[in-house]
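# Analysis of the macromolecular model
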Amino acid sequence: MDFKTSNEETKTGIYLMQEGNEEPFNIRLHLAKDILTIQEQDVICVTGEPFYSSERTVTIRRQTIGGFGLSIKGGAEHKIPVVISKISKEQKAELSGLLFIGDGILQINGINVRSYRHEEVVQVLRNAGEEVTLTVSFLKKTPAFLKLPLCEDCTCIPSDQSSGTSSPLCDSGLHLNYHPNNTDTLSCSSWPTSPGLRWEKRWVDLRLIPLLHSRLSQYIPGSDVCRKNAFQVIAVDGVCSGVIQFTAAEDCLDWLQAIASNISSLTKHNVKKINRNFPVNQQIIYMGWVDEKEQDSVQDRMYSPKFLALRGSSLFKFSAPPVTTWDWTRAEKSFTVYEIMCKILKDNDLLDKRKHCFSVQTESGEDMFFSVELECELLIWEKAFQMATFLEVERIQSKTYACIMESHLMGLTIDFSMGFVCFDAASKAVLWRYKFSQLKGSSDDGKSKIKFLFQNQDSKSIEAKELEFSNLFAVLHCIHAFFAAKVACLDPMFVESHGTATTTGIPSLSSISCNSQTPKLKYAT
């Protein structure tokens, strides 16, 4: 059940949670702008200052009509005490003010029944006499398979319908009502052992998950196995929500997107504050959690959570979000954005069951694979990487790499305005130059050599130039970055979003266009 408020940043609903190997139990979720509150049901004393008690004791008398006025479920065969599953209106159990649906029965007339099976507890109650003293404790994590109602508004089956049999998963109130020698009337009162105290069953806070830098996970930790209609939220300090379960896939996706949206909004707001302390060329464009596929993965640990950040000229990979300036110097790895290649993986490129994946090929040719939880997160990453690369190419304007051509030491400059310029390393004399538009194709040997095919502007003939580099992949990725930035300048939507970004100091990812189609270099292996 789910009901939205008029504020899009808040959301409330009652669902299920599972912790470890325990059975799922009912929880109440409340999503606010910056925090996810998870609540459980508990019984508290509301006389004066509310307080909690692990156990309560109440004495009630049996009525001719209605008996004790309660029904039970569960038992030791389900590894839980027998619990009260129904309480009849205006009958003894309700009038006591001390018994609630979800209470586990611990003792009956001093007999410890915690380890009793369902039928054994039924027999004890049937033979308890006219008056019974129950010691109970509210089971906050009653297994969901018992299907206890979330309110007290229910009735018991009349005593004359008793069949004499019971089931641990069915209400057994029909066995607890009738006693042939009972002459009490409905007006008779019960005698609670705690006079003057008033108890209520309420939703109380179980966990508070701050959303800034929290991460979502639909997958079983470390694996590519996606839970069905379930996820968990892990706070930046490691506090975990537990596995939150939904009956419908639509509800699960709705909550995932709502929580992800709030996390994204908090991240953007935090980035704006951090960027006030950084110069223009060191601004943060993206921060967020991903799962990285382990290079030497074992069956139970294929993925590990990582925190990626695009700042200035670099992509940083952290094990936890950077908080202080010093944290930025302790990244696991960092890469120059225009010397790496990002690729969004299509369905036929996916390595396993994980969806919403992308790869990053480093300047050394190493491939890293990452996944995110939602398609919108993948889109945000793609746009952010495009923007980070564009801004850095625009800032540096040119990049020169040492190379060898025909056994001579050369330099190749990739210039945003002029294109490709090759010059002698010693004399600085320019040997040849071509515009980006003149590059008609290229191939490489996967080790060090690149063959460029340029078209002569006058003769229209193809001229081949072969160069050898010590950092092949960095050069290939840099060329691609310059091409992408060049094409992006021709995209009116991209230019408009870039103009807005430069006036505010940080790009607005929501306004970035990803419609640009960049020319692809042919990488031969």
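Since we're looking at a predicted model, the values are computed, not measured.

Another point: the overall build of the protein chain. In terms of helices and strands, the protein chain carries six helices and 30 strands. Counting all 525 residues of the protein chain, 49% fall into the buried class. For the protein chain, the proportion of contacts with a sequence separation of at least 24, taken over those separated by at least 6, is 59%. When the accessible surface of the protein chain is summed, it comes to about 25300 Å², and 51% of that surface belongs to carbon and sulfur atoms.

All right, on to the nonpolar core then. Soluble globular proteins tend to bury their nonpolar side chains together. With 31 residues, the main nonpolar core has L412, F420, W432, F452, L467 and F469 as its most contacted residues. Counting only elements with at least two residues in this core, the list comes to α4 (375-396), β24 (398-405), β25 (408-415), β26 (419-424), β27 (430-434), β29 (449-455) and α5 (472-488). In terms of residue count, the dominant contributor to this core is α5 (ten residues). Dropping the residues within four chain positions of it, F469 is found in contact with Y401, A402, C403, L412, S448, I450 and V475. F68, L70, V82 and V136 belong to the second-largest nonpolar core, a separate cluster that totals 28 residues.

This model, assessed by the stated rule, comprises 14 salt bridges. The partner of D254 in a salt bridge is K11, and the shortest N-O contact between them spans 2.7 Å. Here D254 is found in helix α3 (residues 249-275), whereas its partner K11 is found in strand β2 (residues 11-18), with 243 residues between them in sequence.

Now for empty space enclosed by the protein. In total, this model carries one cavity of 30 Å³ or more according to the counting rule given. If you go around the largest cavity, the residues you meet are Y303, L345, L351, C357, F369, F370 and S371. The biggest single contributor to the lining of the largest cavity is strand β23 (residues 367-371), with three residues. Residues belonging to the lining of the largest cavity are distributed by class as follows: six nonpolar, one polar and no charged.

With the rule as written, the count across this model stands at 21 aromatic pairs. Summarising the aromatic geometry, the rings of Y15 and W255 are spaced 5.8 Å apart at their centres and angled 80° between planes, so their arrangement reads as edge-to-face. Here the residue Y15 occupies a position in strand β2, and W255 occupies one in helix α3, the gap between them amounting to 240 residues. Assigned by exposure class, Y15 and W255 land together as buried. Between F420 and F452 the ring centres are 5.8 Å apart and the planes differ by 50°, which places this aromatic pair in the tilted class. Remark: F452 occurs in strand β29 and F420 occurs in strand β26; sequence separation between them is 32 residues. For F420, a relative accessible area of 0% gives the class buried. Every member of this aromatic cluster is reached through a ring pair, and the members are F420, W432, Y434, F436, F452, F454 and F483. Taking the ring centre of F278 as reference, the NZ or CZ of R311 above it sits at 3.8 Å.

Here we come to the side chain of R354. Structurally, the position occupied by R354 is in the loop between β21 (341-344) and β22 (357-361). On the basis of relative accessible area, R354 is assigned to the buried category, the value being 1%. At a separation of 2.7 Å, a polar atom in the side chain of R354 contacts the main-chain carbonyl oxygen of S223. In this structure the side chain of R354 is engaged in a polar contact, spanning 2.8 Å, whose partner is the side chain of D291. Among all residues touching R354, those that are not within four sequence positions of it are Y219, S223, D224, D291, Y303, S371 and E373.

Let us look at the confidence of the model for the protein chain. Averaged over all residues, the pLDDT of the protein chain is 82; the fraction at 70 or higher stands at 79%. Counting contacts from residues 1-8, a segment whose pLDDT is below 50, to residues more than four positions away or on other chains yields 14 contacts. Confidence drops under pLDDT 50 across residues 500-525; counting only partners more than four residues distant or on other chains, this segment forms 58 contacts.

The next point concerns unusual backbone geometry. The backbone of E406 shows a phi angle near 50°, a positive value even though the residue is not glycine. By relative accessible area, which is 66% here, E406 ends up exposed.

All of the buried residues along helix α2 (residues 118-126) are H118, V121, V122, V124 and L125. Mapping the buried residues of α2 onto a view down its axis gives an arc of 165°, with all of them on the same face. Lining the buried residues of α2 we find β7 (70-74), β8 (82-87), β9 (103-108) and β11 (131-138).

Turning our eyes to something else, we now look at α4. Taking 1.5 Å of rise per residue, 22 residues should cover 32 Å, and α4 covers 32 Å from first to last C-alpha, within 8% of that figure. For α4, the full list of buried residues reads L378, W381, K383, A384, F385, M387, A388, T389, F390, E392 and V393. The first or second residue beyond α4 is Q397, which carries a positive phi of 70°.

Let's shift gears to the packing of α4 against α5. Two quantities define a packed helix pair, namely the angle between the helix axes and the distance between the axes. Orientation of α4 relative to α5, taken along the N-to-C sense of each, is 95°, at an axis distance of 9 Å. With respect to each other, α4 and α5 are oriented roughly perpendicular. For the pair formed by α4 and α5, the contact residues are T389, F390, V393 and I396 on the first element and A481, F482, A485 and A488 on the second. A class-by-class count of the residues in the contact of α4 with α5 yields seven nonpolar, one polar and no charged.

It is worth spelling out the pairing of strand β19 (residues 314-318) at this point. Taken across its five residues, β19 has five buried, putting it largely inside the fold. Neither face of β19 is left uncovered, since the one carrying S314, F316 and F318 and the one carrying L315 and K317 both have all their residues buried. Bridge analysis of strand β18 (residues 301-311) against β19 gives five bridges, and the strand direction is antiparallel. Bridged to R311 within β19 is S314. Here β19 pairs with strand β20 (residues 333-336) via four bridges, running antiparallel. Following the sheet pairing, L315 is matched in β20 by F335.

Reading guide: rules and limits
- Residues numbered from 1 in each chain as written.
- Predicted model: local features only at pLDDT ≥ 70, side-chain atom pairs only at ≥ 80, totals over all residues.
- Heavy atoms only, no water.
- Helix = DSSP H or I, 4+ residues; strand = E, 2+ residues; numbered from the N terminus.
- Buried < 20%, exposed > 50% of the residue type's maximum accessible area, 1.4 Å probe, protein only.
- Contact = heavy atoms within 4.5 Å.
- Areas by Shrake-Rupley, 256 points an atom, 1.4 Å probe, with all protein chains shown as cover.
- Core = buried A, V, L, I, M, F, W, Y, C linked by side-chain atoms within 4.5 Å.
- Salt bridge = Lys/Arg side-chain N within 4 Å of Asp/Glu carboxyl O.
- 1 Å grid on protein atoms, 1.4 Å probe; cavity = no way out; pocket = protein on both sides within 12 Å on 5 of 7 lines; lining within 4 Å.
- Points joined across faces, edges and corners; volume = space filled by probe spheres on them.
- Nonpolar A, V, L, I, M, F, W, Y, C, P; charged D, E, K, R; others polar.
- Phe/Tyr/Trp six-rings, centres within 6.5 Å; stacked < 30°, edge-to-face > 60°.
- Lys NZ or Arg CZ within 6 Å of the ring centre and 35° of its normal.
- Polar contact = N/O pair within 3.5 Å; in protein donor to acceptor, adjacent residues only side chain to side chain.
- pLDDT = per-residue confidence, 0-100.
- Arc of directions from axis to C-beta.
- Expected span 1.5 Å × (residues − 1).
- Axes fitted to C-alpha atoms, helices over the stretch in contact; angles between N-to-C directions.
- Parallel < 35°, antiparallel > 145°, perpendicular 65-115°, else oblique.
- Pairing = 2+ DSSP bridges.

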